[in-house]
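Topology and contacts: notes
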Amino acid sequence: MTTLTAPGAITAVPPAARRARRRGTALALLAWFTGILFVLPVLWMLLTSFHSESDAATNPPSLAAPLTLDGYKAFFGVDGGASPWPALLNSLGTSLFSTLFVLVLALPAAYALSIRRVRKWTDVMFFFLSTKMLPVVAGLLPVYLFAKNIGFLDNVWLLVILYTSMNLPIAVWMMQSFLADIPVSIIEAAQMDGARLTTILWRVVAPIAGPGIAATSLICFIFSWNEMLFAQVLTGVVAQTAPAFLTGFVTSQGLFLAQVCAASIVISLPVLAAGFAAQDKLVQGLSLGAVK
């Protein structure tokens, strides 16, 4: 293989460059194939949400079936069904408040484990990680009995406390790695200027670790928004969240597939919108410290 480098001059491309180009092309094709593979189920769910129940239940599925908004009308209660807005607002409130509480608690903890390291900080990190090894269903009954005895069932703040405790170990682990890359000299300069710990955390550390904090916030928000097991068992009507509301379309009369797909699309939109809006911060935060 040859290339022109100047008028009338021909230079051969080295074999190593040709191999690198072929590897790059193969990796690009693999990335496109993987991306399409992940997107196809979402596109299929979107298409099914615009079908009627009879067309959605056909086997094999009909791609050319007429489109309709009946699934979305049923989800939003246009025909007299239950309104999804209380459940959506509950999910939004629990996700936002739990994420805020996680950040308030995780930032000082990560500071103590990365910049001003406590004794045996590796044991502390392992303890945080070990809390995620317990199956969620194993703690469901004790939490239910405790909430029942104190009269806290069907309460939004119970979910906020649970989601905060569930996401806190992950947040500390992520933010510890982000804060570990902050130069200690900046912290020492702020201390010499008379800055207190709270000032250092919110005026010095937080702006520098902004991408990492944004990535942690988005992940905690997604985990809180998608959680269904505790929301299904510990809530009823007042504190019902969107994922628990979604299960109402699976009834003894059967599975209303078009309605389930429409509800899934609507419930997924806030997470997709948040991820799309913060994708640059997410990538920057997750890759923070990867390249020195």
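This text gives an overview of the structure that appears in the document. (Residues numbered from 1 in each chain as written. Predicted model: local features only at pLDDT ≥ 70, side-chain atom pairs only at ≥ 80, totals over all residues. Heavy atoms only, no water.)

1. Some remarks on helix 7 (residues 156-179)
End to end, helix 7 covers 32 Å across 24 residues, agreeing with the expected 34 Å (1.5 Å per residue, within 8%). Where helix 7 bends most, at Leu168, the angle is about 35°, and the proline Pro169 comes one to four residues later. The residue sitting at the N-terminus of helix 7 and contributing the capping side-chain oxygen is Asn155; that oxygen lies 2.8 Å from the backbone nitrogen of Trp157. (Helix = DSSP H or I, 4+ residues; strand = E, 2+ residues; numbered from the N terminus. Expected span 1.5 Å × (residues − 1). Bend = angle between axes of the 7 residues up to and from the residue. Polar contact = N/O pair within 3.5 Å; in protein donor to acceptor, adjacent residues only side chain to side chain.)

2. Digging into the packing of aromatic side chains
Enumeration according to the criterion identifies 7 aromatic pairs in this entry. Ring centres 5.7 Å apart and planes at 35° place the aromatic pair Phe76 and Trp85 in the tilted group. (Phe/Tyr/Trp six-rings, centres within 6.5 Å; stacked < 30°, edge-to-face > 60°.)

3. Overview of the nonpolar core
Among the nonpolar cores identified, the biggest contains 30 residues, and Leu107, Tyr111, Leu179, Ile187 and Val205 are the most heavily contacted of them. Only helix 4 (85-114), helix 5 (121-130), helix 7, helix 8 (184-192), helix 9 (197-208) and helix 10 (210-226) provide two or more residues apiece to this core. When sequence neighbours within four positions are dropped, the list of residues in contact with Ile187 reads Tyr111, Ile115, Arg116, Ile182, Ile200, Val204 and Val205. Listed in part, the 17 residues of the second largest apolar core include Ala87, Trp225, Ala263 and Ile265. (Core = buried A, V, L, I, M, F, W, Y, C linked by side-chain atoms within 4.5 Å. Buried < 20%, exposed > 50% of the residue type's maximum accessible area, 1.4 Å probe, protein only. Contact = heavy atoms within 4.5 Å.)

4. So, the layout of surface pockets
Taken as a whole, the largest pocket encloses approximately 330 Å³ of empty space. Contributing to the lining of the largest pocket are Thr131, Lys132, Leu134, Pro135, Val136, Gly139, Val143, Leu162, Ser165, Met166, Pro169 and Phe230. For the lining of the largest pocket, the residue count by class is 8 nonpolar, 3 polar and 1 charged. (1 Å grid on protein atoms, 1.4 Å probe; cavity = no way out; pocket = protein on both sides within 12 Å on 5 of 7 lines; lining within 4 Å. Points joined across faces, edges and corners; volume = space filled by probe spheres on them. Nonpolar A, V, L, I, M, F, W, Y, C, P; charged D, E, K, R; others polar.)

5. Notes on the packing of helix 7 against helix 10
Helix-helix packing: each pair is described by the crossing angle between the helix axes and the interaxial distance. It is the contact of helix 7 with helix 10, at a shortest axis distance of 10 Å, that shows an interaxial angle of 155°. Overall, the two elements helix 7 and helix 10 adopt an arrangement that is roughly antiparallel. Crossing handedness for the pair helix 7 and helix 10: right-handed. Contact residues: helix 7 offers Tyr163, Asn167, Ile170, Ala171, Met174, Met175 and Phe178, while helix 10 offers Gly212, Ile213, Ala215, Thr216, Ile219, Cys220, Phe223 and Ser224. Here the contact of helix 7 with helix 10 is composed, by residue class, of 11 nonpolar, 4 polar and no charged. (Axes fitted to C-alpha atoms, helices over the stretch in contact; angles between N-to-C directions. Parallel < 35°, antiparallel > 145°, perpendicular 65-115°, else oblique. Left-handed = near helix turned anticlockwise from the far one by under 90°.)

Purely geometric stuff here, so don't read any function into it on its own.
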